[in-house]
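Okay, here's what each chain looks like letter by letter:
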Amino acid sequence: MEIWLVEDGKRTGPYQAYEVRERIERGEIDGETKAWHRDQKDWLPLEDMPAFATAFEEAVMVEAKGISSPPPLPSPTASWGEIWMRLAARWTDFVIYQIILMGGFLAFGRSPFAAIQSPWFLPAFVTILILFEAAALAVWGRTPGKWIAGMRIEAPDGRRPGVLASLGRCARLMVMGMGLWLPLMPILGHLIAAWYLRKRGVAPWDAPGTTVFKLPQIRAGRVVAIVGTLIVAYLVSSIIAFTAAMRWPDDLPPPYPEAIKELREELKKAKATDPGE
């Protein structure tokens, strides 16, 4: 049942019945707040609606007996299992993006290592990641890694986040969580994010409240899936990187070019002396 409310002279909602009850319990709305759903002809005070009358009756009984209200709920905290799952999903996403990027360079006969040395590479790479992830969140509510891990990102109303909310979240994540991919900054970002999650139960990039992270339950199958995908993705990425290194050794920083050339010579000699040839 979808319920609309009148708050400060404005219509808000729709809310589910349990959301209205939670707001009543938190004291955000009272019995005189006008409400409507499609089975009603007119707006009615919440205390006059059968679905919520008991909530106000319970409050009156508690007050009459002089019973103090229960203490505030403890601050939410993320479990270490959730933190490790989020980390695995994040790096699965990154390695998948790396495979796409390096595979694209190979497909067009270009050296990925030469491109990485360009001063424009990192800004372009980060911008593309932000735009891609924002589009994925706005359309599907998840990235490849989050989909494998069973995670999703929502707006506060439970729907998929809008474009601006998705862009804001992804930009904050790249800055606070990945440190714009500058040396050692991702490690620092991960440590700060883990502390923040343990302390407040929410990641820094979700703290503004425009997006909500959802992980219904950590299941063994999901753990196996995300860890297995991450391992396979790393293997594929390593193979692509090795292929590119063998093809363009001079684009690598020292001492790798000489080492690659020596390896190529050894492979040629081994092939030439192979009796099976």
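1. A word on the overall build of the protein
Reasoning step 1: Secondary structure assignment for the protein yields 10 helices and six strands.
Reasoning step 2: Looking at the protein as a whole, 35% of its 277 residues are labelled buried.
Reasoning step 3: If you take every contact in the protein between residues at least 6 apart in sequence, the share linking residues at least 24 apart comes to 65%.
Reasoning step 4: For the protein, the exposed surface amounts to about 17600 Å²; the carbon and sulfur share of it is 63%.

2. Looking at the confidence of the model for the protein
Reasoning step 1: Mean pLDDT over the protein stands at 84; residues scoring 70 or higher make up 90%.
Reasoning step 2: Considering each helix and strand of the protein separately, the mean pLDDT is smallest for helix α2 (residues 50-64), with a value of 60, and largest for helix α6 (residues 144-149), with 95.

3. Digging into helix α3 (residues 80-107)
Reasoning step 1: The end-to-end C-alpha distance of α3, which contains 28 residues, comes to 40 Å, matching closely the 40 Å that a straight helix rising 1.5 Å per residue would cover.
Reasoning step 2: At the exit of α3 stands G109, carrying a positive phi of roughly 70°.

4. Let's talk about the nonpolar core
Reasoning step 1: Membership of the largest hydrophobic core comes to 46 residues, with the highest contact counts inside it found for M151, M174, W181 and I226.
Reasoning step 2: Of all the elements in the fold, those that place two or more residues in this core are α3, α4 (112-116), α5 (121-140), α6, α7 (163-177), α8 (185-200) and α9 (220-247).
Reasoning step 3: Looking at which element gives the most residues to this core, the answer is α3, with 10 residues.
Reasoning step 4: When sequence neighbours within four positions are dropped, the list of residues in contact with W181 reads W91, F94, L122, F125, V126, L129, M174 and P186.
Reasoning step 5: Counting 10 residues, the second-largest nonpolar core is a separate cluster that includes I29, A35, L46 and F52.

5. Quick word on the environment of F121
Reasoning step 1: Counting through the fold element by element, F121 comes out in helix α5.
Reasoning step 2: Exposure remark for F121: the relative accessible area of 17% places this residue in the buried category.
Reasoning step 3: In contact with F121, other than residues within four places in its own chain, are L101, A115 and I116.

6. Some thoughts on the sheet that holds strand β3 (residues 34-36)
Reasoning step 1: If you walk across this open sheet you meet the four strands as β2-β1-β3-β4, and the pairing is antiparallel. Because the sheet does not close on itself, it has two edges, and the strands there are β2 (10-15) and β4 (44-45).
Reasoning step 2: The pairing of β3 with β4 spans two bridges and is antiparallel. Across the sheet, the residue bridging to A35 is L44, located in β4.

7. Considering the side chain of T143
Reasoning step 1: Inspection of the secondary structure puts T143 in the loop between α5 and α6.
Reasoning step 2: Of the polar contacts made by the side chain of T143, one reaches the side chain of D93; its length is 2.6 Å.

8. Considering unusual backbone geometry
Reasoning step 1: Phi angles above zero are rare outside glycine, and L180 is one such case at about 55°.
Reasoning step 2: When you line up the elements, L180 lands in the loop between α7 and α8.
Reasoning step 3: Phi at L184 is positive, roughly 70°, even though this residue is not glycine.
Reasoning step 4: In this fold, L184 is placed in the loop between α7 and α8.
Reasoning step 5: Judged by relative accessible area, L184 falls into the exposed class, the value being 67%.

Thresholds, definitions, all that
- Residues numbered from 1 in each chain as written.
- Predicted model: local features only at pLDDT ≥ 70, side-chain atom pairs only at ≥ 80, totals over all residues.
- Heavy atoms only, no water.
- Helix = DSSP H or I, 4+ residues; strand = E, 2+ residues; numbered from the N terminus.
- Buried < 20%, exposed > 50% of the residue type's maximum accessible area, 1.4 Å probe, protein only.
- Contact = heavy atoms within 4.5 Å.
- Areas by Shrake-Rupley, 256 points an atom, 1.4 Å probe, with all protein chains shown as cover.
- pLDDT = per-residue confidence, 0-100.
- Expected span 1.5 Å × (residues − 1).
- Core = buried A, V, L, I, M, F, W, Y, C linked by side-chain atoms within 4.5 Å.
- Pairing = 2+ DSSP bridges.
- Polar contact = N/O pair within 3.5 Å; in protein donor to acceptor, adjacent residues only side chain to side chain.

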